[in-house]
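Fold and geometry: a report
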Amino acid sequence: MLTDYHVHLRPDAPDTTAERFFTAANARLYRETARERGIAELGVSEHIYRFHQALEVWDHDLWRGAAVDDLDAYCAFVREATDLRLGIEADFVPGREDRMAELLAARDWDYVVGAVHFLGDHSLDHPDYDIWSTGQTPDEVWTQYFQWLGEAARTGLFDILAHPDLVKHWGEDRPRPQGDLRRFYALAMDGIAESGVAVELSTAGLRKPIGELYPATGFLEMVLEAGNPISLSSDAHTAQDLGHGYAQALALLEGLGVRELAVFEGRRRRLEPIG
Ligand SMILES: [Zn+2]
Ligand SMILES: [Zn+2]
């Protein structure tokens, strides 16, 4: 069984209102497109920062500008007007774990996708708040990123750890550390192993400057050695991108001996054969 769980019903551009994209017709288009591509398990995980309740957790400038929708209206829409699994993409915001826990616990998710998009106020993948404008060295940025990723896992707030080496997002467009990158991956592995969190194989990186799967094969090997399950997603922001690059992702999983994927319902996890 194939999954696509880390999915957005709308692009991140400014004029993408809930009224336009959170519709039964759009959900049907996603479902039909997924079915054509052999994806049986389909869910949505909108960015938490686009809902006004997220400002109770963190009031970053990007969030203040984007937090216009109502989280409960989104949940009600997915439950009542679609047959999709209900998820959310929530950020790891150090020091705000209690507030995020409270926000998450109040809704009946099928799963919560956890992501590290920011290190402090600076973003790993948004050009307006670029971490690479701070003057930190690649080793400093990569060290902090993977430390935070491990801490994110350890919070227990998340069912799935999203795009686990997002720090490479810009590829050749930004500085990169030299040598074997596993010395950075290792910084996240204790937290990942102890939490038991499912780790995402995301094809989104194929559509980004880096042009690679998230995470790198070396990272995935360490996750499998730790015994964590794998979650497969495209991070699509349009129906067209559902299952994008899955042939490449599935070939990698097969090569690594992965035969099962994590499947979620009501925040309970089981493993299903890829088939
Ligand atoms: Zn993300
Ligand atoms: Zn996403």
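1. Description of the coordination of the zinc ion (ligand 1)
- Looking at the metal site, the zinc ion (ligand 1) is ligated by E89 (OE), H117 (NE2) and H163 (NE2), spaced 2.1 to 2.2 Å from it.
- Each donor residue of the zinc ion (ligand 1) lies on one chain, and together they are spaced E-x27-H-x45-H.
- Separation of the zinc ion (ligand 1) from the zinc ion (ligand 2) amounts to 3.6 Å, with E89 serving as a shared donor to the pair. Taken together, the residues span a long stretch of sequence, with E89 in strand β3 (residues 85–91) and H117 in the loop between β4 (111–115) and β5 (118–119) at a distance of 28 residues. One exposure class covers both E89 and H117, and it is buried.

2. Brief notes about the coordination of the zinc ion (ligand 2)
- Taken together, the protein ligands of the zinc ion (ligand 2) are H6 (NE2), H8 (NE2), E89 (OE) and D235 (OD), with distances of 2.0 to 2.3 Å.
- Of note is the zinc ion (ligand 2), whose four donor atoms meet at the metal with angles of 83 to 165° in an arrangement that counts as irregular.
- One chain supplies every donor for the zinc ion (ligand 2), spaced along it as H-x1-H-x80-E-x145-D.

3. Here we look at the sheet that holds β3
- Pairing is parallel across the open sheet formed by seven strands, whose spatial order is β1-β2-β3-β4-β7-β8-β9. Of all strands in the sheet, those bounded by a partner on one side alone are β1 (2–4) and β9 (230–233).
- Against the sheet, helix α4 (residues 71–81) makes contact with β2 (39–47) and β3, and its axis sits at roughly 150° relative to β3, the strand it touches most.
- Along the sheet, helix α9 (residues 246–255) makes contact with β1, β2, β8 (198–202) and β9, crossing β9 at roughly 165°.

4. Focus: the nonpolar core
- In this structure, Y74, L104 and F146 are the most contacted members of the largest nonpolar core, which totals 88 residues.
- Of the residues forming this core, the biggest block, eight residues, is contributed by helix α6 (residues 138–154).
- Not counting the four nearest positions on each side in its chain, L104 is found in contact with I48, I88, A90, W109, V112 and L157.
- Listed in part, the ten residues of the second largest apolar core include Y5, A115, I160 and A262.

5. Structural notes on the packing of α6 against helix α7 (residues 182–195)
- Running from N to C, α6 and α7 point in directions that differ by 5°, and their axes come no closer than 7 Å. By the angle class used here, α6 and α7 are roughly parallel. Side by side, α6 and α7 meet where D139, W142, T143, F146, Q147, L149, G150, A153 and R154 of the first sit next to R183, F184, Y185, L187, A188, D190, G191, I192, E194 and S195 of the second.
- Its residues assigned to classes, the contact of α6 with α7 comprises nine nonpolar, five polar and five charged.

6. What about the environment of R50?
- Position of R50 among the secondary structure elements: in the loop between β2 and α3 (61–66).
- Linking R50 and R64, residues 14 residues apart in sequence, is a C-alpha distance of 8.8 Å.
- Other than its neighbours up to four places away in sequence, R50 contacts R10, P11, D12, A13, T16, A66, A67, V68 and D69.

7. Describing the pattern of salt bridges
- Applying the stated criterion across every chain yields a total of 20 salt bridges.
- The salt bridge partner of R183 is D139, with a shortest N-O separation of 3.3 Å. Of this pair, R183 sits in helix α7 while D139 is found in helix α6, placing the two residues 44 residues apart along the sequence.
- In this structure, E272 engages R270 in a salt bridge whose closest nitrogen and oxygen atoms are separated by 2.8 Å.
- Residue E272 is classed as partly exposed on the basis of its relative accessible area of 21%.
- Judged by its relative accessible area of 34%, R270 falls in the partly exposed class.

8. Section: the pairing of β9
- Burial of β9 is two-sided: the residues I230 and L232 facing one way and the residues S231 and S233 facing the other way are all buried.
- Where β8 meets β9, four bridges bridge the pair, whose relative direction is parallel. Each residue of the ladder has a partner; that of E200, found in β9, is S231.
- Note that the unit made of β8, helix α8 (residues 217–226) and β9 has a crossover that is right-handed.

Rules of the game
- Along each chain, residues carry numbers from 1 onward, in the same order as the chain's sequence is written.
- Throughout, the order in which chains and ligands are written sets their labels, letters from A for the former and numbers from 1 for the latter.
- Only residues with pLDDT of at least 70 are given local features in this predicted model, and only at 80 or more are side-chain atom pairs given and counted; all residues enter the totals for whole chains, interfaces and linings.
- By convention in this description, side-chain values take in all heavy atoms of the structure and omit both hydrogens and water.
- Only nitrogen, oxygen and sulfur atoms qualify as donors, and only when within 2.8 Å of the metal (3.2 Å in the case of Na, K and Ca); with water excluded, sites may look incomplete.
- What counts as a helix is a DSSP run of H or I of at least four residues, what counts as a strand is a run of E of at least two, and both are numbered from the N terminus.
- To sort residues, take the accessible area from a 1.4 Å probe on protein chains only and compare it with the maximum for the residue type: under 20% means buried, over 50% means exposed, and anything in between is partly exposed.
- For a four-donor site, all angles between 85 and 135 degrees give tetrahedral; for four or six donors, opposite pairs above 155 degrees with the remaining angles between 65 and 115 give square planar or octahedral; all remaining cases count as irregular.
- A pair of strands is treated as paired once DSSP finds two or more bridges between them.
- Contact criterion: two residues are considered in contact whenever any of their non-hydrogen atoms come within 4.5 Å of each other.
- What counts as an axis is a line fitted to C-alpha atoms, over the stretch in contact for a helix, and the angles between N-to-C directions run from 0 to 180 degrees.
- Put simply, a nonpolar core is a bunch of buried Ala, Val, Leu, Ile, Met, Phe, Trp, Tyr and Cys residues held in one set by side-chain atoms that sit within 4.5 Å of each other.
- Reported orientations rely on four angle classes, namely roughly parallel under 35 degrees, roughly antiparallel over 145, roughly perpendicular from 65 to 115, and oblique for the rest.
- Basically, the charged four are Asp, Glu, Lys and Arg, the nonpolar ten are Ala, Val, Leu, Ile, Met, Phe, Trp, Tyr, Cys and Pro, and anything else, Gly included, counts as polar.
- Think of a salt bridge as a Lys or Arg side-chain nitrogen and an Asp or Glu carboxyl oxygen that are within 4 Å of each other.
- Looking down the strands as they point away from the viewer, one classifies a crossover as right-handed if the path from the first strand across the helix to the second runs clockwise.

No statement about biological role is implied by the geometric values presented.
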